[in-house]
Every structure is written in structure tokens, then in C-alpha cells.
Amino acid sequence: MPLERVFIRGRGPTALTLALLLRRQGLEPARVGLDPHRGAPPADLAARALALSDGSWQILGRVARPPDGGAIDSVDIAFAGHGAHLRLTATEAGVRSLGRVVRHGALAGALEHALGDWPAAMPPAADNDDCLVVHAEGSFEESLQMHEFGQHALFTELVIDEHARSGPQRGVAYERFAAAGPIALLPLPEPGRLSLVWCDLSARIGTLLTLPAADFEEALSAALGGEFGQPPRLAGARHAVPLRSAAAAPDADAGVRIGNAAQTLHPVAGQGLNLGLRDAFTLAETIGDAMMSGASVRAVVSRFETVRGPDRRVTLGLTNRLAELGNRPRAVSSLAPAAGSILMGLLDLVGPVRRRVSRHFVYGLR
């Protein structure tokens, strides 16, 4: 039976973007069901920063007016306390910006505004074989790949003196591999304000959540190897989530999964939402083509999984390898930074490799 309707489970940025992309494909609301609006997200989720690649920014720009974002002109990657750096720049990647950093709440609000008064819809019956169910949010129990990192990620905001020569610079996203996990400093839209994503052993993160502000700032400076002469200061509430990576097993009878309902990534490379938005873009195009050709639901699922599979697998694999650079036994960790620092330096000298890495994280596997 040909595909006639789509029902999207979820109300996060990936689900909302898919609904807007389907409207752009010409599908009226009567043919696209969406979970009801749940109101503003919880405060800790609303405040969480999202690093959107230039490719994701272009997708969002087709369907909504994205919120103000902190521009990422370059990414500076290194082992904390070691000299060699890998630098990825927008100029070398051939784009205006590598991406933007926005808060979850601002992005969700912009997408909800673009969606407008979308009518509520009932989920399809279990035996309705002309409706494609899209799982666009939430976790899953059965997976093809599952990896527990034994880590939590701590999220908060920091302020810096933008005029300090030895501090973080505007437009630069910093990724530092510390002893037990990566630490990211991301530029927020407001001048002098950064988002911190600190990944470490779960017990350590538990301690960091309760430290007085001055002690927390001292611990952060030490974890960064004392790199910044004037280290950032704490400027927001601290929240933490456990970390794992996983990929759900495809099941055509249950519909299709995109975004966090399909894969969970370590935040080391900031690829979770970017991968989800690429999922949404490809699925919307696949559904639009199916509506015109009279293809079945199963054909849509099969086509989507075939097209998206390579990008998903490569991005998940690269992200896991990056996460493991710092998450290793103590006996090896003392050697890893020095060896990794040499590798960073070599990669920094090889322009084609740098450009390929940059463009993958900006646009996905092409």
C-alpha cells in the first residue's frame, strides 16, 4: 500500500525540523501527525549549548529563523598541557563558518514559532500500513552497538575577559583531551561567554557538581593544564548526564528512527544533533519522493537506511575513537598525551587530512 501519512513521535529539535521539512515538501498538516506541544523544556535542558555545524545551520535556515548563535571560526584541538595543536578553520574548509553554538531552549523556541499552530493528531493504529511512524526522540533498549564510557558530562556556562591575550579567543571552539576525558569550551552568542562541556569519570563529575565556585574554577584550570593565564569563571548552574554511545537496530515494521532515537553519541565532537538533522533532511526528501511515486512505507524505510547508513556508522566510529583518547587506563594515559600530541602536530601539517576531517564534521559523509 502506498505511503499516505507520516506520524512523528517526539517534539525535540529533530522532530520539529522534520515536520517543517515535510511542510516544505508540500505535505499539509492533515498528512503529518506530530506529538502535542509539551511547553518549555526543563531549565537544565533549555540552557544546554548545542554546536550546530554549517551544514545544520543551512538546513535550519530553510525552514525557520534560527536564534542568534556564537560563531565557530576555528576549532583548536590538543591534549591538555601539551604543545602540539590540531587547528581546523572555516577558511580551509571553504565555508563562512564551521558552525554556530545555540542554547537548546532558544532553538526549540525558534522551531516551535516556525511551526505555528500545528493541529494535534492521533497516533496511527498498529495495523495501519499506509502511515510511516518516525521515532525522533527518546532512548531505545535494543541496539546493534552499545558502549558505556563510565563517564558523565558536566554542562555549565563560563565568562572570560575577551581582552586578555592569554585567555580563550572569540570565535574559537577549544577541545582539550584531559586525563580522564575531553573538555570543550564553546563560544556562546554573548561576547565573553562560553559553554563548558566537561567529560570525566562519573565519581569525579559528582564531586565537581558540588564544589564551591572558586574551587571548581581551580579544578578546571588544572584539568586544562594551566593553558589559559586568566582561566574562565563559573557563570551558570552545573548539570550532568551519563555518557554512552549506541545505535538502534533497524526495524521496518516499527517505522524509522532518526536523531537520538536512532543513535546516541558521546559529546566529544558535538555531532549528536547534527547527525539527527541530516537524518531529518534525508528522510523528508525520501518521503517527498515516495509520495510522488506511490512507494510503500517499507520502501521508504529501506531507502532511508541505505542512504543514511554510511554517515551514521562513520560518525559514530569517529566519535567513539575521539572519546577514547582520554578515557583510558592510568597506566597508558601518561604515554597517550605525548604520542597524541605528536600525532596532532603531524595532522596539523597535512592540509588534505585536515580539510577532510573538517568537511565531514560540517556536512557529514559525502
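Here, every reference points to the structure presented above.
Residues numbered from 1 in each chain as written. Predicted model: local features only at pLDDT ≥ 70, side-chain atom pairs only at ≥ 80, totals over all residues. Heavy atoms only, no water.

### Details of the environment of Ser-202
Okay, step 1: Tracing the chain through its elements places Ser-202 in helix H6 (residues 202-210).
Okay, step 2: On the basis of relative accessibility, which here comes to 29%, the residue Ser-202 falls in the partly exposed class.
Okay, step 3: When near neighbours in sequence (up to four residues on either side) are disregarded, Ser-202 contacts Gly-150, Gln-151 and His-152. (Helix = DSSP H or I, 4+ residues; strand = E, 2+ residues; numbered from the N terminus. Buried < 20%, exposed > 50% of the residue type's maximum accessible area, 1.4 Å probe, protein only. Contact = heavy atoms within 4.5 Å.)

### Digging into empty space enclosed by the protein
Okay, step 1: One pass over the structure, following the stated rule, counts one cavity of 30 Å³ or more.
Okay, step 2: Roughly 30 Å³ of internal volume is contained in the largest cavity.
Okay, step 3: Along the walls of the largest cavity sit Glu-175, Pro-182, Ile-183, Ala-184, Val-197, Cys-199, Pro-267 and Val-268, which together make up its complete lining.
Okay, step 4: Of all the secondary-structure elements, those providing two or more residues to the lining of the largest cavity are strand S11 (182-187) and strand S12 (193-201).
Okay, step 5: If you tally residues by element for the lining of the largest cavity, the top one is S11, at three residues.
Okay, step 6: Classifying every residue of the lining of the largest cavity gives seven nonpolar, no polar and one charged. (1 Å grid on protein atoms, 1.4 Å probe; cavity = no way out; pocket = protein on both sides within 12 Å on 5 of 7 lines; lining within 4 Å. Points joined across faces, edges and corners; volume = space filled by probe spheres on them. Nonpolar A, V, L, I, M, F, W, Y, C, P; charged D, E, K, R; others polar.)

### Let's talk about the sheet that holds strand S8 (residues 131-135)
Okay, step 1: As summarised here, the arrangement of the four strands in space is S2-S1-S8-S15, forming an open sheet in which the pairing is parallel. Each having just a single partner strand, strand S2 (32-34) and strand S15 (256-257) make up the two edges of the open sheet.
Okay, step 2: As paired strands, strand S1 (residues 5-9) and S2 are joined by three bridges and run parallel to one another. Residue pairing across strands places Val-6 opposite Val-32, the latter belonging to S2. (Pairing = 2+ DSSP bridges.)

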